[in-house]
Amino acid sequence: MVGPRFVSLRTKLALVLIAFLVLTLGTLGLFLNLALTRTLQAQTIALEKRYAENVQQSINQVLFAGKYQVQAYVEGLVRHDPGLRYVAVIDRETRRAIAHSDPAMVGKRFDDPMTERAFTALDQNAAVAQASKLPNGEPIHDVSLPFLRGYLHEPAGIIRIGTSTATLWSVVNQTRAISLLIILGCMAAGLVMAFGVSIRISSRLYQLVEAVKRFGEGDPTASAPVKAGPQDEVNLLAENFNEMAEKLTAYAEDLEQQVDARTRELAEANASLAESEQLLRLVVTNTPLILFATDPQGRVILSEGKGLALFGLHAGELVGKSLIEIYPTARNLLERALAGEQVHETFETQGLVLEEWLSPALDKDGAVSRVIGVAIDVTERMRLEAQLRGQYERLKELDRLKSNFVNAVTHELRTPLTSIMGYAEFLEDEIGGSLAESQQEFVRQIQRGSRRLEYLLNDLLDFARIEAGTFRLRLATADLGQKMREIVESLRPQAEEGGICLMVDLPDAPLVLRMDAQRIGQVLINLIGNALKFTEPGGQISVSARHEGTAIRCEVKDTGIGIAPEDIPKLFQRFSQLESGVKQGKGTGLGLSISKALVEAHGGTIGVNSEPRRGSTFWFTLPVESTQASDSAQADEEAA
């Protein structure tokens, strides 16, 4: 392929300057020629007019002497002036020549247009200049002036003077030749200057081009020379190129470093990707899954996974086959996935239960290009789930029977317990007769056992109500601080009996809120009772309460044996007892569970902070404005 013809900038610049000079000087010469020609013509005509006026005056004077003297005068004028072609004196009345430089023309009548135009301007006493030609074709200037006759000097005719223009054009041609020589000289000087300027400018541009070429070939040290002194466009271009070359060199070095770093990162990523791909393939081929993919027509394009062995297949064996033809039961699932739906279904085929996930893969236009599927054999899981559901139903029935049994036993035991407690009071009051000291101690033992049994029955009854969902609160505005003092005082004898210091730390201001005072008292009895059970003699129990935001926080802190961290989550479960409680045979494991239900029914929370051998702090919060129960609920409880 032939490339475009190269024309140097020096040549282009020189051609432009030459064209400019030729056009400028040519135009200037043309205008000068026209102006000079017109000036010479105007000056010649003016001289001819003045010459004609002189002739006019002379003829007017000669006419007084007679027409023969006029004839002699005009003939003499033509002989002495080589540029004069004719002089004619024409009478106004007869239009005939009364004198002519050519004697043969004397008496001849002149009716030509030039004569008529001259006679038309006769009365205006003005000269009329006209261009004409002689019979031999020579161009002339014809000037007509009136001649005067008589004492009144009235116009009697015209004087026509014909002057050759050859002299004029000779002068014009000489002037043109001189102008042309001057223009050519200026043009030659301009050409020399144009070549000089083009060489001077282009040489610097060639240096800049050479620097650009070297830089483009990879030479980072290439730079364009910058001329000292006044600045011009080439200098600015060279400076900008040098600055650009420095920045590009720095950028190229930085880019090279980034490329090296990125190359290392990509190499590491490729290695990691290859390792991940190998691991993924290992997982895919060894997990009990079936991984497959289909095209929009339902043909399998990928089939992998150890789960294929369940159907007697190997990896890749299904590729190219229609999934619908192989497994007709999967038609609906595949059609839903091809419609763009995420499908998750469990279905049975060939005696196996499969759980399948189908996900449509979209192309850049949003159309489904393929379907990715994962299937897993859940036959054994479904069997176990069925067993678990059956066991759950049986356990649920047992739990219902247990709740009914607890409720029935609680009500059945309450009647004889009431009788036992009543007769114990009769014995204590010695209604049947006085008792010995040992007998009175027996009665007190019966009363303590009866009260303990009553607490257990109350816990069982509350548990049964909570399980049945018939538990209700009786809310009323009360002073929590006062209730806490009452509970502490009621338990102080038990604390003193065990050698434990029981303290109260409450603010002076009342702690007023809406609560079921009996139930909150029950919570306090459970928490303080537990602290008394697991605090050794000489220990301390502190009961405190304070405002905390929009709630009141109550704490029961002891110096007892503490609780292991792994046992804390078990504390508030029903029938849950820690090993220490089981060994001591204390409680049924319902107290904290019931306390949790009571506090949460008030809209509060309950918890514990404890460490082994450092004591425990049980706490609960109650909102100042409780919204967990309504007056209608209270009415239901009262009616019950």
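Here is what the cut-offs are and how they apply
- Residues numbered from 1 in each chain as written.
- Predicted model: local features only at pLDDT ≥ 70, side-chain atom pairs only at ≥ 80, totals over all residues.
- Heavy atoms only, no water.
- Axes fitted to C-alpha atoms, helices over the stretch in contact; angles between N-to-C directions.
- Helix = DSSP H or I, 4+ residues; strand = E, 2+ residues; numbered from the N terminus.
- Left-handed = near helix turned anticlockwise from the far one by under 90°.
- Contact = heavy atoms within 4.5 Å.
- Nonpolar A, V, L, I, M, F, W, Y, C, P; charged D, E, K, R; others polar.
- 1 Å grid on protein atoms, 1.4 Å probe; cavity = no way out; pocket = protein on both sides within 12 Å on 5 of 7 lines; lining within 4 Å.
- Points joined across faces, edges and corners; volume = space filled by probe spheres on them.
- Core = buried A, V, L, I, M, F, W, Y, C linked by side-chain atoms within 4.5 Å.
- Buried < 20%, exposed > 50% of the residue type's maximum accessible area, 1.4 Å probe, protein only.
- Pairing = 2+ DSSP bridges.

Draft legend 1. Highlighting the packing of helix H11 (residues 517–533) against helix H13 (residues 591–601). Viewed as axis vectors pointing N to C, H11 and H13 meet at an angle of 145 degrees, and their least axial separation amounts to 9 Å. Read as a crossing pair, H11 and H13 show a hand that is left-handed. Contact residues: H11 offers Arg519, Gln522, Val523, Asn526, Leu527 and Asn530, while H13 offers Gly591, Leu592, Ile594, Ser595, Leu598 and Val599. Its residues assigned to classes, the contact of H11 with H13 shows six nonpolar, five polar and one charged.

Draft legend 2. Region of interest: the packing of helix H10 (residues 480–497) against H11. Where H10 contacts H11, the axes come no closer than 10 Å and their chain directions differ by 40 degrees. In this structure, H10 meets H11 at a crossing whose hand is right-handed. Along the contact surface, H10 presents Leu480, Lys483, Met484, Ile487, Val488, Leu491, Gln494 and Ala495, while H11 presents Ala517, Ile520, Gly521, Leu524, Ile525, Ile528 and Leu532. A class-by-class count of the residues in the contact of H10 with H11 yields 12 nonpolar, two polar and one charged.

Draft legend 3. Spatial organisation of empty space enclosed by the protein. Applying the stated criterion to the full structure yields one cavity of 30 Å³ or more. Estimates place the volume of the largest cavity at around 210 Å³. Surrounding the largest cavity, 18 residues form its lining, Ile290, Phe292, Leu323, Tyr327 and Glu356 being those nearest its centre. Every element with two or more residues in the lining of the largest cavity is listed here: strand S6 (289–294), strand S7 (300–304), strand S8 (343–349) and strand S9 (352–362). Here the lining of the largest cavity takes three residues from S7, the largest share from any one element.

Draft legend 4. Here's a closer look at the nonpolar core. Within the largest apolar cluster, 42 residues are counted, with the highest numbers of intra-cluster contacts made by Leu480, Met484, Ile528, Phe618 and Phe620. Counting only elements with at least two residues in this core, the list comes to H10, strand S13 (512–515), H11, strand S14 (540–548), strand S15 (551–558), H13, strand S16 (605–610) and strand S17 (616–623). Element by element, the count of residues in this core is highest for H11, at seven residues. If we ignore the near neighbours within four places in the chain, the residues touching Met484 are Leu506, Leu524, Val543, Ser544, Ala545 and Cys554. Judged by nonpolar contacts, the second largest core, of 22 residues, contains Leu308, Phe311, Val343 and Leu358.

Draft legend 5. View of unusual backbone geometry. We note that Arg95 has phi near 60 degrees; this positive angle belongs to a residue other than glycine. For Arg613, which is not glycine, the phi dihedral falls at a positive 65 degrees. Tracing the backbone shows Arg613 in the loop between S16 and S17.

Draft legend 6. Main features of the sheet that holds S8. The sheet built from five strands is open, its strands ordered S7-S6-S10-S9-S8 with antiparallel pairing. Two strands close off the open sheet at either side, each with one partner strand: S7 and S8. Put simply, the sheet's adjacent strands are angled 20 degrees from each other on average, direction ignored. Where S6 and S7 come together, four bridges link them in antiparallel fashion. The residue of S7 that forms the bridge with Thr294 is Val300. Contacts from helix H7 (residues 331–338) reach S6, S8, S9 and strand S10 (368–377), with the element oriented near 165 degrees to S8.

Worth remembering: the numbers are spatial, not functional.
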